[in-house]
Amino acid sequence: MKQNKKIAITHYISIRFSAIIFIMAAIMILFISYFSNKTIYFDIRRQIRKETHYDFLNIDIRNGKIFVNKNFIFEEDHVQKIILDSQGDFFRGHYPDKKLKNIWSYVKI
């Protein structure tokens, strides 16, 4: 004969409750990390858009020639900027590493 093992109702409820809390905590951690990453990327994109808009105001194209205003900042907060022409060739500025210039010559936009 089989004997059924009896489990106390309090033990049964506490196990179920602990499992539900653990699952909810895992879901909350996943959602928080997902949305915080999305928010960070959104903020970074917004800052880059603002910075490039400012830079765009200091560059003028007349008769197919590029003119860079003297107010253009090529290096700020350890970020170096370069200006490329419409074919993706180097125009003004300097690369932070000479290897990047060699790599970039193979990669065209």
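Note that this is a predicted model, so its numbers are computed, not measured.

A. Representation of a nonpolar patch on the surface. On the surface, Ile7, Ile9, Tyr12, Ile13, Phe17 and Ile21 cluster together into a nonpolar patch covering about 630 Å² of accessible area. Mapped onto the elements, Phe17 comes out in helix α1 (residues 9-57).

B. Here's a closer look at the pattern of salt bridges. Inspection of the entire model under this criterion finds one salt bridge. We note a salt bridge from Arg46 to Asp43, for which the minimum N-O separation is 2.5 Å. Within this pair, Arg46 and its partner Asp43 are both found in helix α1, separated by three residues, close to a single helical turn.

C. Structural context of the packing of aromatic side chains. What the rule picks out here adds up to two aromatic pairs. An angle of 15° between the planes, with centres 6.2 Å apart, marks the rings of Phe31 and Phe35 as stacked. With Phe31 and Phe35 both in helix α1, this residue pair falls four residues apart, about one helical turn. When its relative accessible area of 49% is taken as the criterion, Phe31 is described as partly exposed. Each ring, one from Tyr34 and one from Phe35, has its centre 5.1 Å from the other, and the planes form 75°; the classification is edge-to-face. Residue classification places Phe35 among the partly exposed residues on the basis of a relative accessible area of 48%. A connected cluster of aromatic rings, assembled from ring pairs, spans Phe31, Tyr34 and Phe35.

D. Seen up close, the pairing of strand β6 (residues 90-93). Two strands pair when backbone bridges link them, and strand β5 (residues 82-84) and β6 are joined in this way by three bridges, in the antiparallel orientation. Across the sheet, the residue bridging to Leu84 is Phe90, located in β6.

Reading the values: the criteria
- Residues numbered from 1 in each chain as written.
- Predicted model: local features only at pLDDT ≥ 70, side-chain atom pairs only at ≥ 80, totals over all residues.
- Heavy atoms only, no water.
- Patch = residues over 30% accessible without salt bridge, like charges linked within 9 Å, V, L, I, M, F, W, Y side chains within 5 Å.
- Areas by Shrake-Rupley, 256 points an atom, 1.4 Å probe, with all protein chains shown as cover.
- Salt bridge = Lys/Arg side-chain N within 4 Å of Asp/Glu carboxyl O.
- Helix = DSSP H or I, 4+ residues; strand = E, 2+ residues; numbered from the N terminus.
- Phe/Tyr/Trp six-rings, centres within 6.5 Å; stacked < 30°, edge-to-face > 60°.
- Buried < 20%, exposed > 50% of the residue type's maximum accessible area, 1.4 Å probe, protein only.
- Pairing = 2+ DSSP bridges.

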